[in-house]
Amino acid sequence: MSTTQPALEGIRVIDMTRVFAGPISAQILGDLGADVIKVERPGSGDEGRGYGLASVEGKDGKDLRQSGFFTASNRNKRSITVNHSKPEGQDILRALVKTADILIENYKVGDLKRFGLDYESLKAINPRLIYCSITGFGQTGPMAARAGYDGLFQASGGMMAVTGIPEGQPGAGPVKAGPSLVDFVTGHNSAIAILAALNHRNNTGEGQHIDMALLDSSVAMICHIMQDYLISGVQAERLGNGGNGGGPADLIHARDGMTYITAGSDAHWRRMSELMGQPELYADPRFDTNAKRAKINRAELIDIINVWSRQFTTEELQAKFDSVGIPAARYNDLAEVWDDPQVQHRGLRATTPHAWAAAGSVDLIGSPLAGMGATPATIRLAPPVIGEHNAEILGELGYDAARIAGLQEQAII
C-alpha cells in the first residue's frame with residue numbers, strides 16, 4: 001500500500017446520488033483519496049441497497065442493506081442520513097456544502113431547486129463549488145423530465161442495435177449487455193468531468209455546473225461503430241461474439257472450454273493458418289481479406305477453426321497461440337475469473353475489513369486506478385451502513401450530542 005499523499009486528499013465530496021452511475025462517480029473520487037460523504041434518506045437509504053441478487057451478511061443476522069449492487073459502488077464513503085425536504089435537513093446540507101469542493105446529485109431535473117439545493121442556490125454560499133448533475137436525458141430538451149435507467153439507453157442509444165445474435169441464426173435479435181455498462185461509463189465520465197473542473201478551479205478560482213446525461217454516454221459508447229455509420233450511412237450488422245475489426249476474431253471451442261482469439265491482421269492470419277497446418281487457407285479466396293474473414297465468410301471460417309481447435313485443451317491452445325504471437329484468452333465464468341493467475345497477480349480481489357459484516361470483511365473489486373505510480377487508488381473504507389457516520393459528520397459541523405439526538409427524534413436524520 002502506498003504511503004504517499006492520495007491524489008485527492010483534502011477534497012470533500014457530497015454524494016447525493018442513488019442507484020449506480022452517480023455512486024460510481026463518487027466512489028472513483030473516494031478511491032483517489034477524497035472525503036466522500038454519502039447523503040441518504042433516513043430509514044431506507046439509497047434504493048440501490050435493495051438491488052442485485054446477493055447481500056453482505058451482517059453480524060448476528062443484522063440486515064445491513066448492502067446488496068452487491070450497492071457494495072460495488074459505495075466503498076470509501078461515510079454515510080449520513082438527511083431528510084432534505086425539511087428545513088433542518090436543508091440546513092445540514094448547506095453547512096456541508098460550505099465545507100465541500102464537489103456535490104454530485106442525480107435527482108430529476110428541478111427537484112432540488114424546490115428545496116434551495118440547486119446549483120445557483122448553493123453557488124451563492126460556495127462560489128468554488130463544483131456541482132455535477134447526472135440524469136437520464138440531461139438538464140434540457142423535450143425528454144429532460146423523464147426518468148432513465150441503464151437498459152433504456154442500451155436500447156435507445158445504439159448499443160443493442162449492434163449487440164446480439166446475427167440475423168439468420170437461431171435467436172437472432174438485439175441483446176442487452178449483462179452489466180449496467182451505460183451507468184458505469186456515465187459514472188466514469190462524470191468523474192473525468194469533475195477532475196477537469198477541479199483543475200479549472202485551480203486555475204481560475206471558479207466552480208461550475210456539470211450537466212451529465214446517460215443518453216450522451218450511451219451514444220458516445222458506440223464509438224467507432226457509430227462513426228462508421230456517420231461516414232457510410234450503413235447500419236452495422238450484429239456479429240454475436242465476432243470482433244469489430246479484422247478476423248478471425250471470435251470464441252472457439254476447445255476440449256475443455258472456450259477461448260477467444262483475435263487474429264485480426266493479415267500477419268496474424270498467416271500465422272494462424274500455418275499453426276493449424278493449413279497454410280493454404282491464407283490465400284483462399286474465401287478468406288483473403290479482412291472483410292471476408294471478419295464478416296462475409298466469418299461463420300464458415302470459424303467452423304473450420306473449431307474442427308482444429310477441438311483437438312486441444314484451452315491450456316494447450318493458449319500455449320500454441322502464445323508461441324506464434326496470436327492474441328488469445330481463455331473464456332472464464334465468474335468463478336474462474338478469480339482463479340486466473342494474472343487477475344490474482346494484479347490484486348483485483350480486495351479483501352477489506354468490514355466492522356458490521358458477519359465475516360469481519362468483504363471482498364471488493366480492486367480499482368483499475370491502483371496502478372498509478374505515485375498516487376494509486378486505494379480502498380480505505382468498506383461501504384457504510386445507513387447513517388453509520390451521522391454523529392461523526394454532524395460533530396464535525398459543530399452539532400452537540402443533544403442536538404443530534406433531537407434531529408433523530410424528529411426523523412431529520
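No experiment lies behind these values; they were computed from the predicted model shown. (Residues numbered from 1 in each chain as written. Predicted model: local features only at pLDDT ≥ 70, side-chain atom pairs only at ≥ 80, totals over all residues. Heavy atoms only, no water.)

**Student:** How should I be thinking about the overall build of the protein in this particular structure?
**Tutor:** A tally of helices and strands in the protein yields 16 helices and 15 strands. For the protein, the proportion of its 413 residues judged to be buried stands at 45%. Counting contacts in the protein only where the partners sit at least 6 residues apart, residues at least 24 apart contribute 68% of the total. Carbon and sulfur atoms make up 54% of the accessible area of the protein, which amounts to about 20,200 Å² in all. Averaged over its 38 positive side-chain charges, the protein has a centre that lies 3 Å from the centre of its 47 negative ones. (Helix = DSSP H or I, 4+ residues; strand = E, 2+ residues; numbered from the N terminus. Buried < 20%, exposed > 50% of the residue type's maximum accessible area, 1.4 Å probe, protein only. Contact = heavy atoms within 4.5 Å. Areas by Shrake-Rupley, 256 points an atom, 1.4 Å probe, with all protein chains shown as cover. Lys, Arg positive; Asp, Glu negative; His and termini not counted. Charge placed at Lys NZ, Arg CZ, Asp CG, Glu CD.)

**Student:** Is there a simple way to think about the pattern of salt bridges in this case?
**Tutor:** Oppositely charged side chains can form a pair if their charged atoms are brought close together. All chains considered together, the criterion is met by 23 salt bridges. A salt bridge links Arg12 to Asp35, with the nearest nitrogen and oxygen atoms 3.0 Å apart. You can see Arg12 sitting in strand 1 (residues 12-16) and its partner Asp35 sitting in strand 2 (residues 35-40), a full 23 residues away along the chain. The class for Asp35 is partly exposed, based on a relative accessible area of 23%. Linking Asp15 and Lys77 is a salt bridge whose minimum nitrogen-to-oxygen distance equals 2.9 Å. Of the two residues, Asp15 is situated in strand 1 and Lys77 in strand 5 (residues 77-81); the sequence distance between them amounts to 62 residues. Residues joined in a network through salt bridges with shared partners are Arg12, Asp35, Arg78, Glu392 and Glu396. (Salt bridge = Lys/Arg side-chain N within 4 Å of Asp/Glu carboxyl O.)

**Student:** Where do I start with helix 3 (residues 87-98) in this structure?
**Tutor:** Because the α-helix completes a turn every 3.6 residues, residues three or four places apart line up on one side. If you check helix 3, its first and last C-alpha atoms are 17 Å apart, about what twelve residues at 1.5 Å a residue would give, namely 16 Å. For helix 3, every residue scored as buried is listed here: Gly89, Gln90, Ile92, Leu93, Leu96 and Val97. Within helix 3, the buried residues cover an arc of 155° as seen down the axis, which keeps them to one side. With respect to the buried face of helix 3, the exposed residues turned more than 90 degrees away are Pro87 and Lys98. (Expected span 1.5 Å × (residues − 1). Arc of directions from axis to C-beta.)

**Student:** What is the right way to read the sheet that holds strand 11 (residues 249-253) from this model?
**Tutor:** Within a sheet, adjacent strands bond to each other through the backbone by hydrogen bonds, running parallel or antiparallel. On the basis of which strands lie adjacent, the open sheet formed by three strands has the order 11-12-13 and antiparallel pairing. At either end of the open sheet lies a strand with only one pairing partner, and these are strand 11 and strand 13 (328-330). Neighbour-to-neighbour, the strand axes of this sheet turn through a mean angle of 20°, independent of strand direction. Looking at chain direction, strand 11 and strand 12 (residues 258-262) are connected through five bridges and run antiparallel. Across the sheet, Leu251 pairs through a bridge with Tyr260, a residue of strand 12. (Pairing = 2+ DSSP bridges. Axes fitted to C-alpha atoms, helices over the stretch in contact; angles between N-to-C directions.)

**Student:** Sorry if this is basic, but what is going on with the packing of helix 6 (residues 181-204) against helix 7 (residues 214-221) here?
**Tutor:** When two helices pack together, their arrangement is captured by the angle between the axes and the distance separating the axes. Contact geometry of helix 6 with helix 7 gives a least axis separation of 9 Å together with a crossing angle of 105°. Considering the angle they form, helix 6 stands roughly perpendicular to helix 7. Residues Leu181, Val182, Asp183, Val185, Thr186 and Asn189 of helix 6 form the contact with helix 7, whose participating residues are Leu214, Ser217, Ser218 and Met221. For the contact of helix 6 with helix 7, a count of residues per class yields five nonpolar, four polar and one charged. (Parallel < 35°, antiparallel > 145°, perpendicular 65-115°, else oblique. Nonpolar A, V, L, I, M, F, W, Y, C, P; charged D, E, K, R; others polar.)

**Student:** Is there a simple way to think about empty space enclosed by the protein in this case?
**Tutor:** One water molecule sets the probe size; rolling that probe over the atoms shows where empty space is left. Under the definition given, this model contains one cavity of 30 Å³ or more. Every residue lining the largest cavity is listed: Thr17, Arg18, Val39, Glu40, Arg41, Gly45, Asp46, Val82, His84 and Tyr107. Residues of the lining of the largest cavity, tallied by class, amount to three nonpolar, three polar and four charged. (1 Å grid on protein atoms, 1.4 Å probe; cavity = no way out; pocket = protein on both sides within 12 Å on 5 of 7 lines; lining within 4 Å. Points joined across faces, edges and corners; volume = space filled by probe spheres on them.)

**Student:** Before we go on, may I ask you to explain unusual backbone geometry in this structure?
**Tutor:** Note on backbone geometry: most residues besides glycine have negative phi, and most peptide bonds are trans. The linkage connecting Gly247 with the following residue, Pro248, adopts the cis geometry, with an omega of 5°. Following the sequence through the fold, Pro248 ends up in the loop between helix 8 (223-232) and strand 11. Positioned with a positive phi, Arg65 is a non-glycine residue whose angle comes to about 50°. Along the polypeptide, Arg65 turns up in strand 4 (residues 63-67). Judged by its relative accessible area of 27%, Arg65 falls in the partly exposed class.

**Student:** Help me out: how do you make sense of the packing of aromatic side chains in this one?
**Tutor:** Two numbers describe a pair of aromatic rings. These are the distance of the centres and the angle of the planes. A complete count under the given rule lists seven aromatic pairs for this structure. Grouping aromatic residues by their ring pairs yields a cluster made of Phe20, Tyr51 and Phe69. Seen from the ring of Tyr107, Arg18 lies directly overhead, with NZ or CZ sitting 4.1 Å from the centre. Over the face of the ring belonging to Trp338 we find Arg349, whose NZ or CZ atom lies 5.6 Å from the ring centre. (Phe/Tyr/Trp six-rings, centres within 6.5 Å; stacked < 30°, edge-to-face > 60°. Lys NZ or Arg CZ within 6 Å of the ring centre and 35° of its normal.)

**Student:** Could you clarify how one ought to interpret the nonpolar core in this entry?
**Tutor:** Side chains of a nonpolar character, in soluble globular proteins, are inclined to be buried together. Formed by 30 residues in total, the largest nonpolar core has its most connected members in Val13, Leu29, Ile102 and Ile104. Only helix 1 (21-31), strand 6 (102-105), strand 7 (130-135), helix 6 and strand 10 (208-213) provide two or more residues apiece to this core. Excluding residues that lie within four positions of it along the chain, Ile104 makes contacts with Val13, Ile14, Asp15, Met16, Thr17, Ser25, Ala26, Leu29, Cys132, Ile134 and Ile194. Ile92, Leu103, Leu117 and Tyr399 belong to the second-largest nonpolar core, a separate cluster that totals 27 residues. (Core = buried A, V, L, I, M, F, W, Y, C linked by side-chain atoms within 4.5 Å.)

**Student:** Just checking my understanding: could you explain the domain arrangement of the protein for this structure?
**Tutor:** Bring the parts together and some accessible area is lost; that lost area is often taken as the interface size. With domains assigned, the protein is organised as domain 1 (12-220 + 344-410) and domain 2 (249-333). Here the C-alpha centre of domain 2 lies 42 Å away from the C-alpha centre of domain 1. (Domains from an automatic or database assignment.)

**Student:** Looking at this structure, I do not really get the pairing of strand 15 (residues 361-365). What am I missing?
**Tutor:** On strand 15, burial follows the alternation: Val362 and Leu364 on one face are buried, whereas Ser361, Asp363 and Ile365 on the facing-out side are not. Looking at chain direction, strand 14 (residues 349-353) and strand 15 are connected through five bridges and run antiparallel. Across the sheet, the residue bridging to Ala350 is Leu364, located in strand 15.

**Student:** Before we go on, may I ask you to explain the layout of surface pockets in this structure?
**Tutor:** In this structure, the largest pocket encloses a volume near 1,400 Å³. Around the largest pocket, the lining is made up of 41 residues, and of these Phe20, Gly68, Ala72, Phe184 and Ile365 lie nearest the centre. Top element by residues in the lining of the largest pocket is helix 6. It accounts for six residues. Tallied by class, residues from the lining of the largest pocket come to 25 nonpolar, eleven polar and five charged. Here the second largest pocket is characterised by a volume of approximately 600 Å³. Around the second largest pocket, the lining comprises 25 residues; the ones closest to its centre are Val162, Ile225, Leu239, Gly243 and Asn244. With six residues, helix 8 is the single largest residue contributor to the lining of the second largest pocket. Partitioned by chemical class, the residues of the lining of the second largest pocket number twelve nonpolar, ten polar and three charged.

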